[in-house]
Every structure is written in structure tokens, then in C-alpha cells.
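# A structural walkthrough
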Amino acid sequence: MEERLRRLGKKKLSNELMFTEQHRKNIYQAIDREQKSNEEILIATLQLLNEKRTGFELLQMLESRNIKKFINQEGALYLLLHELEQKEWIASLWMDNHLKYYYLQDKGRKVLMKAEEKQQRHSPALKDLLGGDILYE
């Protein structure tokens, strides 16, 4: 057994990894999906903060929109909210019931409008549906 382990240790892997063009495309697509996913999360978060909401309410509403990123990672949502506060896109306040409420600021509304426009430009089918341009036969 020890001899086999010693022989395994002597095998060397190539320092260069070769990827096919299809592998490269798959990697870039995965990266692109992740980036789009983060954009969708940001848009959904800003949309939901048009009204004052607690972090817990926001978490539940994001989950109802099938955004699963924060399940068992609630702290990541609060990191996002903190980052948005630092950018002055949202603000927060403590209420008498000892709950912290988050809400959208004017700067955040502008960002949201631009993000929604960008999303509609890249999703023509959705844009057509919303505009009523698709006819069903």
C-alpha cells in the first residue's frame, strides 16, 4: 500500500490546463449568469424598497420572487443593504418598535430607473409582453 502511495506522489500534473472553445464559452456564460443574477437581485431589492421595509420583510419578499441567494445567508443581505446605504441609494431609520426600516432614496430611484431601462433593452420579449406587442395565434 505504501508503495502505491509513493508512486502516486511521483506523478506530476501538467502546469498548463487546456480548455476547448466550448469550455471557455461555458465558463464565460456562467460568469455572465452570475453577474446578471446579481443585477436582478439589486433591481428587486431597490424595487421592494420603494416602501419602508425591515430586513426580514425584504428577505421574505425576495424569497417570494424566487431569489434564493440569501437563504441560510441572511447576513449577506445586510451587507448588501449596508453597501447601498453607503452609496446613499437607500436610507434606514429605527422606529419605536425597535425595528430598523430601509427605504429608497432619490439617488436609488434614479439608479433603479436606469437599471430597469437597461434590463428592458436586453429582454425584448419581456418588453414586448409588457407593451402588449406579442400576439397569440
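Chains are numbered independently. Their residues run from 1 in the order of the written sequence. With pLDDT at 70 or above as the cut-off, local features in this predicted model cover only qualifying residues; side-chain atom pairs require 80 or more to be listed or tallied, and sums for whole chains, interfaces and linings still use all residues. By convention in this description, side-chain values take in all heavy atoms of the structure and omit both hydrogens and water.

### Describing the pattern of salt bridges
- For this analysis, a salt bridge means a side-chain nitrogen from Lys or Arg found within 4 Å of a carboxyl oxygen belonging to Asp or Glu. Overall, the coordinates contain four salt bridges when judged by the stated rule.
- When the shortest N-O distance is used, the salt bridge between E51 and R53 registers 3.8 Å.
- The cut-offs for exposure are 20% and 50% of the maximum accessible area for each residue type, with area from a 1.4 Å probe on protein chains only; residues under the lower value are buried, those over the upper are exposed, and the others partly exposed. Its relative accessible area of 51% is what places E51 among the exposed residues.
- Using a relative accessible area of 13% as the deciding quantity, one classes R53 as buried.

### Describing the packing of helix α3 (residues 55-64) against helix α4 (residues 74-86)
- Fitted lines through C-alpha atoms give the axes, limited to the stretch in contact for helices. The angle between two N-to-C directions lies from 0 to 180 degrees. Elements are defined by DSSP. Helices are runs of H or I of four residues or more, strands are runs of E of two residues or more, and each kind is numbered from the N terminus. Remark: α3 packs on α4, axes separated minimally by 11 Å, with the N-to-C direction vectors making an angle of 110°. Comparing the axis directions of α3 and α4 gives the class roughly perpendicular. Seen along the crossing, α3 lies across α4 with a hand that is right-handed. Taken together, the residues of α4 that come into contact with α3 (itself represented by G55, F56, L58, L59 and L62) are E74, L77, Y78 and L81.
- Residue classes in the contact of α3 with α4 are distributed as seven nonpolar, one polar and one charged. Comment on the angle field: the value is read as roughly parallel under 35 degrees, roughly antiparallel over 145, roughly perpendicular from 65 to 115, and oblique elsewhere. By convention the crossing between two helices is left-handed if the near helix lies anticlockwise of the far one by an angle smaller than a right angle, and right-handed if it lies clockwise. Pairs of residues are marked as contacts when any of their non-hydrogen atoms sit within 4.5 Å. Ten residues, namely Ala, Val, Leu, Ile, Met, Phe, Trp, Tyr, Cys and Pro, are considered nonpolar, four, namely Asp, Glu, Lys and Arg, are considered charged, and the remaining ones, Gly among them, are considered polar.

### Digging into the sheet that holds strand β2 (residues 90-94)
- The strand order across the open sheet built from three strands is β1-β3-β2, with neighbouring strands paired in antiparallel fashion. Each edge of the sheet is formed by a strand with only one pairing partner; in this case those strands are β1 (53-54) and β2.
- For two strands to pair, DSSP has to find at least two bridges joining them. Here β1 pairs with strand β3 (residues 100-104) via two bridges, running antiparallel. From the neighbouring strand, T54 faces β3, where its bridge partner is Y101.
- Lying on the sheet, α4 is in contact with β2 and β3; it crosses β2 at an angle near 110°.

### Focus: α4
- Every helix has an expected span of 1.5 Å times one less than the residues it contains. For α4, which comprises 13 residues, the first-to-last C-alpha distance of 19 Å matches the rise-based estimate of 18 Å (1.5 Å per residue) to within 8%.
- Buried within α4 we find L77, L80, L81 and L84. Each buried residue of α4 lies within a common arc of 100° when the element is viewed along its axis, so the set occupies one face. Exposed and oriented more than 90 degrees from the buried face of α4 are L79 and Q86.
- Downstream of α4 by a residue or two, E88 has a phi angle that is positive, lying close to 65°. This arc is taken over the directions from the axis of the helix to the C-beta atoms.

Fair warning: the whole summary comes from geometry, so function is off the table for now.
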